[in-house]
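Residues per chain, in single letters:
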Amino acid sequence: MEPIYLDYQATTPLDPRVLEAMLPWWGARFGNPHSTGHARGRDAGAAVEAARAEVAALIGGDPREIVFTSGATEANNLAIKGAARFHRRRGDHVVTVATEHKCVLESVRALEAEGFRTTILPVGPDGLLDLDRLAAALDDRTLLVSVMLANNEIGTIQPLAEIARIAHAAGALVHTDAAQAAGKIPVDVAALDVDLMSLSAHKLYGPQGIGALWLRRRPRARIAPLFDGGGQERGLRSGTVPTPLAVGFGAACAVARAEMPAESARIAALRDRLAELLVSRLAPVYVNGHPTRRLPGNLSIGFAGVEATRLLAALPELALSAGSACTSAAVEPSYVVRALGRDDGEAAATVRIALGRFTTAGEVERAAELLIGRVTALRAAPGLELSGMGV
Ligand SMILES: *Cc1c(COP(=O)(O)O)cnc(C)c1O
């Protein structure tokens with residue numbers, strides 16, 4: 001039997017409606033969307049533009065502000081390196097936060113080698129950035145502040161509008177990685193008042209391999225491109241836009257926009273039910289992140305005395321992650337959970353449970369039952385390998 005999928009923050013399955021929308025573009029309707037000299041190219045080009053409009057609409061942006069990329073990793077690299085390099089003469093300082101995705105932290109680190117100064121701000125025990133510390137970190141040479149909207153491990157939602165107000169007052173541009181937030185909570189670029197926003201299709205039931213960078217037009221957020229080439233995407237991202245993936249991304253955004261309010265309420269209720277079962281039956285446990293300012297599907301939870309990697313090995317019926325998926329290849333406790341002030345043991349006990357669109361109430365009850373059984377067994381026999389013992 002397939003494991004119950006509870007890893008929606010690592011990737012989401014394609015929505016069947018998205019797959020349906022993409023299919024013709026893998027077959028008979030192929031074409032280079034930049035080939036305007038014939039009908040086939042223009043057909044693909046029109047589909048890409050329709051998708052661009054759907055992506056923009058999800059975040060309250062203008063289609064002309066969307067640059068398609070290969071995903072949020074590329075969008076974050078483009079935003080951070082592109083903005084810093086473009087504005088090099090105006091300043092030399094970039095600010096971000098300790099709980100950001102690796103691709104943000106590593107982009108910022110790469111800028112150090114180019115002579116930029118960087119500040120990595122800490123977070124509180126709830127995962128929120130302290131606004132006074134942000135204000136104190138800024139100076140008149142600060143070019144860019146990059147703070148994610150919602151965290152991929154602990155689900156904490158940052159106060160981006162306040163962060164943007166503080167950063168703009170200091171003359172800095174504001175970038176946000178909204179890969180986890182878009183499609184899950186309302187996201188509006190005007191209300192957040194950011195300058196640059198990164199998105200990823202495969203976090204919102206679209207295909208892997210495409211994302212976008214939104215860049216404010218008025219006033220224009222200016223960046224240097226990463227790639228040299230044919231000058232597609234208004235010169236900011238050379239390379240052929242993959243028509244099927246763009247169409248899928250647009251379809252995914254349209255579905256998210258239509259269904260988000262009802263879907264998020266349903267998922268949050270399931271998550272709360274799961275948390276209640278685990279907290280009441282498995283004490284001592286701890287829940288990471290902010291109690292209310294968090295993504296609807298996220299539950300980052302540690303079961304005291306039970307290492308997450310051992311728990312997952314004993315739970316083949318469930319697909320979930322220990323810490324962050326992207327760093328779990330190197331078996332080290334999550335740096336995000338450590339940033340909350342938890343010790344190595346607590347971080348190593350943390351599992352990330354992420355519910356989503358296709359999670360059912362029955363799956364939640366079954367997952368809770370399995371977790372309760374295996375955590376209880378591992379605590380009773382901490383030295384034993386339990387997988388395969390039928391517990
Ligand atoms: C998944 C994720 C990324 C990387 O997105 P890709 O499209 O897989 O490159 C970046 N930031 C956050 C917060 C993510 O969750």
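About the criteria used
Residues numbered from 1 in each chain as written. Predicted model: local features only at pLDDT ≥ 70, side-chain atom pairs only at ≥ 80, totals over all residues. Heavy atoms only, no water. Patch = residues over 30% accessible without salt bridge, like charges linked within 9 Å, V, L, I, M, F, W, Y side chains within 5 Å. Areas by Shrake-Rupley, 256 points an atom, 1.4 Å probe, with all protein chains shown as cover. Salt bridge = Lys/Arg side-chain N within 4 Å of Asp/Glu carboxyl O. Lys, Arg positive; Asp, Glu negative; His and termini not counted. Charge placed at Lys NZ, Arg CZ, Asp CG, Glu CD. Helix = DSSP H or I, 4+ residues; strand = E, 2+ residues; numbered from the N terminus. Buried < 20%, exposed > 50% of the residue type's maximum accessible area, 1.4 Å probe, protein only. Near = heavy atom within 4 Å. Polar contact = N/O pair within 3.5 Å; in protein donor to acceptor, adjacent residues only side chain to side chain. Nonpolar A, V, L, I, M, F, W, Y, C, P; charged D, E, K, R; others polar. Phe/Tyr/Trp six-rings, centres within 6.5 Å; stacked < 30°, edge-to-face > 60°. Pairing = 2+ DSSP bridges. Contact = heavy atoms within 4.5 Å. Axes fitted to C-alpha atoms, helices over the stretch in contact; angles between N-to-C directions. Parallel < 35°, antiparallel > 145°, perpendicular 65-115°, else oblique. Left-handed = near helix turned anticlockwise from the far one by under 90°.

Participant: Talk me through a positive patch on the surface; I want residue IDs and the actual numbers.
Facilitator: Side chains of Arg218, Arg220, Arg222 and Arg234 sit close together on the surface and give a patch of like positive charge. Along the chain, Arg222 falls in the loop between strand S8 (211–215) and helix H8 (243–282). Residue class for Arg222 comes out partly exposed when judged on its relative accessible area of 44%.

Participant: An account of the site of the ligand is needed here, citing residue identities and associated values.
Facilitator: Looking at the ligand, there are 14 residues lining it, with Thr73, Asp177, Gln180, Ser200 and Lys203 nearest. With respect to the ligand, the backbone of Ala72 contributes an N or O atom lying 2.9 Å from an oxygen atom. Separating a nitrogen atom of the ligand from a side-chain N or O atom of Asp177 is a distance of 2.6 Å. Protein contact buries 88% of the 390 Å² of open area that the ligand shows by itself. With three residues, the single largest contributor to the shell around the ligand is helix H3 (residues 72–86). Of the residues in the shell around the ligand, the class split is four nonpolar, eight polar and two charged.

Participant: Break down the packing of aromatic side chains for me, with residues and values.
Facilitator: For the coordinates displayed, the defined rule picks out four aromatic pairs. Aromatic pair Tyr5 and Tyr8: ring centres 5.2 Å apart, planes at 65°, arrangement edge-to-face. When the ring of Tyr205 is compared with that of Phe358, the centres are 5.8 Å apart and the planes differ by 90°; the resulting orientation is edge-to-face. With Tyr205 in the loop between strand S7 (196–200) and S8 and Phe358 in the loop between strand S13 (350–354) and helix H12 (361–380), the pair connects residues that are 153 residues apart, well separated along the chain. Relative accessible area serves as the criterion here: at 35%, Phe358 is assigned to the partly exposed category. Among the aromatic residues, those joined into a cluster by ring pairs are Tyr5, Tyr8, Tyr205 and Phe358.

Participant: Run through the sheet that holds strand S12 (residues 321–322), naming residues and quoting values.
Facilitator: Pairing within the open sheet is antiparallel, and its four strands lie in the order S9-S10-S13-S12. Only two strands of the sheet have a single neighbouring strand rather than two, namely strand S9 (285–287) and S12. When S12 meets S13, the two strands line up antiparallel, connected through two bridges. Along S13, the bridge assignment pairs Ser321 with Arg352. Across the sheet, H8 touches S9, strand S10 (298–303) and S13, and the angle it forms with S10 is around 10°.

Participant: For the sheet that holds S7, give the residues involved together with the corresponding values.
Facilitator: One open sheet holds the seven strands; their spatial order is S2-S8-S7-S6-S5-S3-S4, and the pairing between them is mixed. Looking at strand neighbours, the two that pair on one side only are strand S2 (66–69) and strand S4 (117–121), the edges of this open sheet. Across the sheet, the axes of successive neighbouring strands diverge by a mean angle of 20°, strand direction being ignored. Strands in contact with helix H4 (residues 102–112) are strand S3 (93–97), S4, strand S5 (142–146) and strand S6 (173–177); relative to S3, the strand with the most contacts, it is inclined by about 155°.

Participant: Lay out the packing of H8 against H12 in plain terms, naming residues and giving numbers.
Facilitator: One can describe the packing of H8 onto H12 by two numbers: an axis separation of 10 Å at closest approach and a directional angle of 25°. Viewed along their axes, H8 and H12 adopt a mutual orientation that is roughly parallel. Seen along the crossing, H8 lies across H12 with a hand that is right-handed. Contacts from Leu270, Arg273, Leu274, Leu277, Leu278, Arg281 and Leu282 of H8 reach H12 at Ala361, Val364, Glu365, Ala368, Leu371, Ile372, Val375, Thr376 and Arg379. Looking at side-chain class alone, the contact of H8 with H12 contains 11 nonpolar, one polar and four charged residues.

Participant: Hey, could you go over unusual backbone geometry for me, with residue numbers and the actual values?
Facilitator: Residue Pro219 is bonded to the preceding Arg218 through a cis peptide linkage, with omega at -10°. Counting through the fold element by element, Pro219 comes out in the loop between S8 and H8. Residues other than glycine seldom take positive phi values, yet Asp193 does so here, at roughly 60°. Positionally, Asp193 belongs in the loop between helix H7 (189–192) and S7. The backbone phi angle of Arg234 is positive, close to 55°, even though this residue is not glycine.

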